[in-house]
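Notes for the structure review
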Amino acid sequence: MRHSLYNVALAQSTILPAAARTTNTTGATVDRMVDEGGFRSAMVIVHAGTVTDGTHTVEVQDSPNGSDWTAVADEYLQGSEPALTTSNDEQVHEIGYTGHQRYLRAVVTVSGSPATGGVYGVSVLLGWPRRMPPARA
């Protein structure tokens, strides 16, 4: 097997990029046990497009069962969860996750009563599966 990130990582979407958002968004659940082998590492990637108004605060949440969600404690995050505004849009923000919960998702809270909002998406890059390479759909 060739040494390649493709062989040790799998990207999953939690918030799909969409037309400009002006309201809170709860992302889809990402299961770290996908592909029967389990992934030992995760990184949350926020793809920020244009934000014209409002503040769009990204929070990483985890859960042991996919039902009971809590904000991830800062001690289990590498980097910081961004608050997207006109001053830090149109870039990629990365947040490492070192916790042990099975399920992850992103939640975005919007403040400032935006009229036109912001365009963004959030993915979770799962890494180092117990079985390599990961199966792909």
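Please refer to the structure higher up on the page.
Residues numbered from 1 in each chain as written. Predicted model: local features only at pLDDT ≥ 70, side-chain atom pairs only at ≥ 80, totals over all residues. Heavy atoms only, no water.

1. Thoughts on the overall build of the protein chain
Here is the rule we go by: Strands here mean DSSP runs of E at least two residues long; helices mean DSSP runs of H or I at least four residues long; both are numbered from the N terminus. Only the C-alpha atoms count toward the radius of gyration. The rule for a globule is 2.2 Å times the residue count to the power 0.38. Throughout, a residue-residue contact means that at least one pair of heavy atoms, one from each residue, lies within 4.5 Å. The Shrake-Rupley method, run with a 1.4 Å probe, gives the accessible areas here. Residue values count only the displayed protein chains as cover. Note that His is not counted, nor are the chain ends; the positive residues are Lys and Arg, and the negative ones are Asp and Glu. Charged groups are reduced to one reference atom each: NZ for lysine, CZ for arginine, CG for aspartic acid, CD for glutamic acid.
Broken down by element type, the protein chain carries 0 helices and 11 strands. Along the protein chain, helices and strands appear, N-terminal first, in the series β-β-β-β-β-β-β-β-β-β-β. At 15 Å, the protein chain has a C-alpha radius of gyration in line with the 14 Å of a compact globule built from 137 residues. For the protein chain, the spread of C-alpha atoms along the principal axes amounts to about 50 × 35 × 25 Å. Long-range contacts, defined here as pairs at least 24 residues apart, represent 81% of the contacts in the protein chain between residues at least 6 apart. Summing over all exposed atoms, the protein chain offers an accessible surface of approximately 7400 Å²; the carbon and sulfur share of this is 50%. On the protein chain, the mean spot of the 9 positive side-chain charges and the mean spot of the 13 negative ones are 13 Å from each other.

2. Describing the nonpolar core
Filter applied, for reference: The nonpolar core is taken to be a set of buried Ala, Val, Leu, Ile, Met, Phe, Trp, Tyr and Cys residues, with the residues joined through side-chain atoms within 4.5 Å. Think of it in three bands: with a 1.4 Å probe and only protein chains considered, a residue is buried below 20% of the maximum accessible area for its type, exposed above 50%, and partly exposed in between.
In this structure, Leu84 and Val124 are the most contacted members of the largest nonpolar core, which totals 24 residues. Within the residue set of this core, elements represented by two or more residues are strand E1 (9–15), strand E4 (39–51), strand E5 (55–63), strand E9 (91–97), strand E10 (103–111) and strand E11 (118–129). Per-element tally for this core: the top contributor is E4, with 6 residues. The residues touching Leu84, leaving out its near neighbours within four places in the chain, are Val46, Ala48, Val51, Gly54, Thr55, His56, Val58, His93 and Tyr120.

3. Examining the pairing of E4
In plain terms, the rule: Paired strands are those between which DSSP finds at least two bridges.
Examined bridge by bridge, E4 and E11 share 10 bridges and lie antiparallel to one another. Of the residues in E11, the one forming a bridge with Ser41 is Gly127. In this sheet, E9 lies alongside E4 in antiparallel orientation, the contact comprising 7 bridges. Among the inter-strand pairings, Met43 is bridged to a residue of E9, identified as Gly96.

4. A short note on the sheet that holds E4
With antiparallel pairing, the 5 strands of this open sheet are ordered in space as E1-E11-E4-E9-E7. Where the open sheet ends on each side, the last strands, each with one partner, are E1 and strand E7 (77–78). Across 2 bridges, the pairing between E7 and E9 is antiparallel. Residue Gln78 lies in a different strand from E9, and its bridge partner there is Gly96.

5. Describing the packing of aromatic side chains
Quick reminder of the rule: Think of it this way: a Phe, Tyr or Trp ring, Trp meaning its six-membered ring, pairs with another when their centres are within 6.5 Å, and the plane angle makes it stacked under 30 degrees, edge-to-face over 60, tilted otherwise. As a reminder, the over-ring test applies to NZ of lysine and CZ of arginine, requiring each to be within 6 Å of the ring centre and within 35 degrees of the ring normal.
If you walk through the whole model with that rule in mind, you get 0 aromatic pairs. Its end group placed over the ring of Tyr6, Arg136 keeps NZ or CZ at 3.8 Å from the ring centre.

6. A short note on the environment of Pro82
Among the secondary structure elements, Pro82 is positioned in the loop between E7 and strand E8 (83–84). Between the C-alpha atom of Pro82 and that of Thr57, which follows or precedes it by 25 residues, the distance is 6.0 Å.

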